[in-house]
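# Close look at the chain arrangement
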Amino acid sequence: DEHETEALPEGAAGTVVLDRTPFYAEGGGQVGDTGKLEWPGGGAVVTGTSRTAQGLFRHRVRVVRGTLSAGQAVSASVDPARRETEKHHSATHLLHAALRSVLGTHVTQAGSLVAPDRLRFDFSHPAALTPEEVVRVETLVNRWVQADLAVDWRVVPLEEARQAGAMMLFGEKYGDAVRMVSMGAGEAVSVELCGGTHVARTGQIGPFVVVAEEAVSAGVRRLEARVGDAAVAYLQELRDTQRRLVGQLGGTAATLEERVAKLQADLKQAQRQVATLRDKLAAAQTAGAGGAAQLQEAGGFRYATAALEGLDAAALRNAADTLLERSGADVVVVGSGTLLVAKASEGARQRGAHAGNLVRAAAQAAGGKGGGRPDMAQAGVKDAAALQVALGAVEEALAAAAKP
Ligand SMILES: [Zn+2]
C-alpha cells in the first residue's frame, strides 16, 4: 500500500530516495546501512537501505523531529557500525583466499553473511576442517591483515577481470563492466568481483578469530569468524571464562586441563567405591533380613519383605536376588527410599505368583505405581512411610494371587 507523498510529518515512517547517498544497500551478503538524515529543524533515523532493480536506493526512515518535505536538502550520515561491517566484509575476501590456499582451489563461495559483529562464510569442501586446518587458515588471514595490504576497487571490463583471475560466483550474472576488488599491490592475495564496501587497508580489519566450524549441507561447510572490536570482545569473554574456571578449580590457567583430568579420575574412582559400598550395604542388610525366622506365609507362598537403606535401583535388584537365593522364599519384596523391587521364583510363578502384579498391588495400596515382568518388577511410592505401607500390603496381595 505504498504511495508517493509530499511530506513525512514527525513520527511518520516512509521510504526516501536521495539523488546521492553514502548509504550501502543490502546485497551480496552485506547488510544494508543504517544511520540518520538531518536538515535545519528536523531529523530522521534510517533503519535500513535497499536497492530496487532499477538501481534506486531506498532509505527506510522514521522522522523523529520536524517534517521531511520532498526536495528538502539533507545531510546523510551512516551509522559508525558500518565500519565494523566493512572490516568483516574485507575479512571474508581474505578468508576465501586463505581457504583456497590451505584446502585447495576446489573451495568456492556458497554464501556469506556480513554484519557489524560477525561474518559467516559458506564454501564447498567435502569434509569437516581439522583443528590444525582452522589454525592455518586463521594464521594466514592474520598475516595478510598485519601486512597491511592496500585494498583497491575499480570498474573493469568483465574480460579483464577474468584475466586477472578474479573469483566469480558460479551461476551469478555479470554485466560487461564489473567492480573488481583486489587486496595487495602487485601480486594480489585476493581478487574478487564484489559490489560491497571495504576497508582501505587490511590492517584496519584488526584481529581475526574463527569462532565456529560446521556443516551446512553435504559438501558445504560454514565458518563463523569475528574481526576488530568483535574479535577482541570474543577473546576477552574466553579469558574471563578461563579466569572463572581457574577460580573454581584452583591452580593456574596452564594447569587447568590437568586439574580437570584429575577431578574426572577422582570422580570415577569415587563412583566405583560408592557402587562397591552399596553392594556391601545390600549384602549386610539382606543377611540380616534373610533368616529363616523372618519367612512368612500367604496364599501358600513363603515370602520375605525387607526395608533396606541407602540402595539405588541396581543395588536393590541385587539385594532381591540375594535374598531370594539365601532365604529359600518363593517371593521377595524389598524396598529402599521410595523404590520397591519384587522377585518371584520359577516355582512360585508356576503356582500363580507374578512379581509385576504383586509389586503393582503393593504400591497401589500405598498410593504408588509400578509393575513389570512376572519374575522381576519394580514400583515407586512417594516416601518412606508409604514404603512401609506397601511392604505391609504384600501379604494380602500374595493371598489374592494364589490359584484356587
Ligand atoms: Zn565482497
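So, a few notes on the structure that sits alongside this text.

Rules used in this analysis
- Residues numbered from 1 in each chain as written.
- Predicted model: local features only at pLDDT ≥ 70, side-chain atom pairs only at ≥ 80, totals over all residues.
- Heavy atoms only, no water.
- Helix = DSSP H or I, 4+ residues; strand = E, 2+ residues; numbered from the N terminus.
- Rg over C-alpha atoms; globule rule 2.2 N^0.38 Å.
- Buried < 20%, exposed > 50% of the residue type's maximum accessible area, 1.4 Å probe, protein only.
- Contact = heavy atoms within 4.5 Å.
- Areas by Shrake-Rupley, 256 points an atom, 1.4 Å probe, with all protein chains shown as cover.
- Lys, Arg positive; Asp, Glu negative; His and termini not counted.
- Charge placed at Lys NZ, Arg CZ, Asp CG, Glu CD.
- Donors = N, O, S within 2.8 Å, 3.2 Å for Na, K, Ca; no water.
- Core = buried A, V, L, I, M, F, W, Y, C linked by side-chain atoms within 4.5 Å.

### A look at the overall build of the protein chain
- Helix and strand content of the protein chain: 10 helices and 20 strands.
- For 404 residues, the compact-globule formula gives about 22 Å, and the C-alpha radius of gyration of the protein chain, at 37 Å, lies well above that figure.
- Dimensions of the protein chain, computed from the C-alpha atoms along their principal axes, are close to 105 × 55 × 45 Å.
- Taking all 404 residues of the protein chain together, 40% fall into the buried category.
- For the protein chain, restricting intrachain contacts to residue pairs at least 6 apart in sequence, the fraction spanning at least 24 positions comes to 61%.
- Summing over all exposed atoms, the protein chain offers an accessible surface of approximately 21,600 Å²; the carbon and sulfur share of this is 51%.
- Looking at charge distribution, the protein chain has the averaged site of its 43 positive side-chain charges lying 5 Å from that of its 46 negative ones.

### Looking at the coordination of the zinc ion
- Within the protein, His89 (NE2), His93 (NE2) and Cys194 (SG) serve as the donor atoms for the zinc ion, at 2.1 to 2.3 Å.
- Positions of the donor residues of the zinc ion, expressed as sequence spacing, correspond to H-x3-H-x100-C. Taken as a pair, histidine 89 in helix H1 (residues 81-103) and cysteine 194 in the loop between strand E12 (190-193) and strand E13 (208-217) lie far apart in primary sequence, 105 residues in all. Here histidine 89 and cysteine 194 have matching classes, each one buried.

### Considering the nonpolar core
- Among the nonpolar cores identified, the biggest contains 31 residues, and Leu95, Leu99, Phe123 and Phe208 are the most heavily contacted of them.
- Of all the secondary-structure elements, those providing two or more residues to this core are H1, strand E9 (119-124), helix H2 (131-146), strand E11 (177-183), E13 and strand E14 (220-227).
- No other element matches the eight residues that H1 contributes to this core.
- Ignoring any residue separated from it by four or fewer positions in sequence, one finds phenylalanine 123 in contact with Leu99, Leu103, Val107, Thr108, Gln109, Ala110, Leu129, Gly219, Val220, Arg221, Arg222 and Leu223.
- Counting residues in hydrophobic clusters, the runner-up holds 26 residues, among them Val333, Val359, Val394 and Leu398.

### Observations regarding the side chain of glutamate 86
- When you line up the elements, glutamate 86 lands in helix H1.
- Sequence-distant contacts of glutamate 86, that is, excluding residues within four places in its chain, are made with Thr197, His198 and Val199.

### Overview of unusual backbone geometry
- Here aspartate 148, not a glycine, exhibits a phi torsion of approximately 50°, which is positive.
- Residue position: aspartate 148 is located in the loop between H2 and strand E10 (151-157).
- Assessed through its relative accessible area of 30%, aspartate 148 is described here as partly exposed.

### Concerning the side chain of histidine 96
- Note on placement: histidine 96 falls in helix H1.
- Taking relative accessible area as the criterion, histidine 96 reaches 1% and is therefore assigned buried.

### As for the environment of alanine 253
- Topologically, alanine 253 is positioned in the loop between helix H4 (228-249) and helix H5 (256-289).
- On a C-alpha basis, the gap between alanine 253 and arginine 118 in space is 28 Å, while along the polypeptide they are 135 residues apart.
- In contact with alanine 253, not counting residues within four places along its chain, are Gln242 and Val246.

Any functional reading would require information that these geometric values do not contain.
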